[in-house]
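As a plain string of letters, each chain reads:
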Amino acid sequence: KAGVTQTPRYLIKTRGQQVTLSCSPISGHRSVSWYQQTPGQGLQFLFEYFSETQRNKGNFPGRFSGRQFSNSRSEMNVSTLELGDSALYLCASSPVGRRTSYEQYFGPGTRLTVT
Amino acid sequence: GNSVTQMEGPVTLSEEAFLTINCTYTATGYPSLFWYVQYPGEGLQLLLKATKADDKGSNKGFEATYRKETTSFHLEKGSVQVSDSAVYFCALSSSYNQGGKLIFGQGTELSVKP
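Residues numbered from 1 in each chain as written. Chains lettered and ligands numbered in written order. Predicted model: local features only at pLDDT ≥ 70, side-chain atom pairs only at ≥ 80, totals over all residues. Heavy atoms only, no water.

What follows is about the overall build of chain B. Looking only at helices and strands, chain B features zero helices and twelve strands. The globule rule puts the C-alpha radius of gyration for 114 residues at 13 Å, and the 14 Å found for chain B is close to it. Viewed in the frame of its principal axes, chain B has a C-alpha envelope of about 45 × 30 × 20 Å. Taking all 114 residues of chain B together, 45% fall into the buried category. Taking contacts inside chain B between residues at least 6 apart in sequence as the whole, the part at least 24 apart equals 57%. (Helix = DSSP H or I, 4+ residues; strand = E, 2+ residues; numbered from the N terminus. Rg over C-alpha atoms; globule rule 2.2 N^0.38 Å. Buried < 20%, exposed > 50% of the residue type's maximum accessible area, 1.4 Å probe, protein only. Contact = heavy atoms within 4.5 Å.)

Below is the structure:
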């Protein structure tokens, strides 16, 4: 099976702009989660989508949003970018079900730089 | 709330040395526990997992045992290689409805010298 793919891999944006990141999960995985990784804060959970519905949400401002499509592909959007949004954004998919252990499989990430 | 604490790095070892990276957790209920590894410029790779008390996860020579009495999940390897140099993350997932949310430790950087 192909792994989790994320596009683009690298992105440079200017403060105040908005950005959309894309994630394609492993075939058959219906849960997609997003994380932000920074040197100072480490890995922080943004949100999770399952069957096109946001199921869990982390402690990020409303500028961070996401959605999931019927084919389980997901996008996240950050509006009004701030310098502090510079980070590696990781997407992960999971084979959710009662007999799974909820392990997640990560993509390579999108490196966002805000100038 | 749920949390994970890892030993601070960086950890520097010589090739063939024994590795232990400590991880303790705080969680309600019975979480699933994971170790992930991140190589430079890459995403996270699932290294091993354990879903209930006394389970031992193992992969590529790495092992970790789910100890509920000490709320620990320490990572061990008997003989490290230069190729094991990476950042290691301990993580937990707390329940079915929260299964899509992993809580990570701060990561431990491992450097193995020839």
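This brings us to the interface of chain A and chain B. At the junction of the two partners, chain A supplies 23 residues and chain B supplies 22 residues. Summed over both partners, the interface of chain A with chain B buries about 1,800 Å², with 56% contributed by carbon and sulfur atoms. Taken together, the links from chain A to chain B amount to one salt bridge. The partner of Glu 103 of chain A in a salt bridge is Lys 49 of chain B, and the shortest N-O contact between them spans 3.2 Å. At the level of elements, strand S4 (31–38), strand S5 (42–50), strand S6 (53–57), strand S9 (87–94) and strand S10 (105–106) of chain A are the ones that each hand at least two residues to the side of chain A that touches chain B. Along the lines of polarity and charge, the residues of the side of chain A that touches chain B split into ten nonpolar, eight polar and five charged. (Buried area = accessible area lost by both parts, 1.4 Å probe. Salt bridge = Lys/Arg side-chain N within 4 Å of Asp/Glu carboxyl O. Nonpolar A, V, L, I, M, F, W, Y, C, P; charged D, E, K, R; others polar.)

Turning to the nonpolar core, a few remarks are in order. Residues Trp 35, Leu 48, Phe 73, Leu 75 and Tyr 88 of chain B are the most contacted members of the largest nonpolar core, which totals 26 residues. Listing elements by their share of this core, those giving two or more residues are strand S2 (11–14), strand S3 (19–21), strand S4 (23–26), strand S5 (32–38), strand S6 (44–50), strand S8 (62–65), strand S10 (86–93) and strand S12 (108–113) of chain B. If one sorts the elements of this core by residue count, S10 of chain B sits on top with four residues. For Phe 73 of chain B, the contacting residues outside a window of four places in its chain are Cys 23, Leu 33, Phe 34, Trp 35, Leu 48, Lys 49, Ala 50, Ala 64, Thr 65, Tyr 66 and Cys 90 of chain B. Membership of the second largest hydrophobic core comes to 21 residues, among which are Ile 26, Trp 34, Leu 46 and Tyr 89 of chain A. (Core = buried A, V, L, I, M, F, W, Y, C linked by side-chain atoms within 4.5 Å.)

Attention now moves to the pairing of S4 of chain B. All names here are of chain B. Of the two faces of S4, only one is covered, namely that formed by Cys 23 and Tyr 25; the face formed by Thr 24 and Thr 26 stays uncovered. Of the strand pairs in this sheet, strand S1 (residues 3–6) and S4 are connected by four bridges, and their pairing is antiparallel. What sits directly across from Ser 3, in S4, is Thr 26. (Pairing = 2+ DSSP bridges.)

In this section: the packing of aromatic side chains. One pass over the full model with this rule turns up twelve aromatic pairs over all chains. One aromatic cluster is present, built from ring pairs that chain together Tyr 35, Phe 45 and Phe 106 of chain A together with Phe 34, Tyr 36, Phe 89 and Phe 104 of chain B. Against the face of Phe 50 of chain A rests Arg 55 of chain A, its NZ or CZ located 4.6 Å from the ring centre. (Phe/Tyr/Trp six-rings, centres within 6.5 Å; stacked < 30°, edge-to-face > 60°. Lys NZ or Arg CZ within 6 Å of the ring centre and 35° of its normal.)

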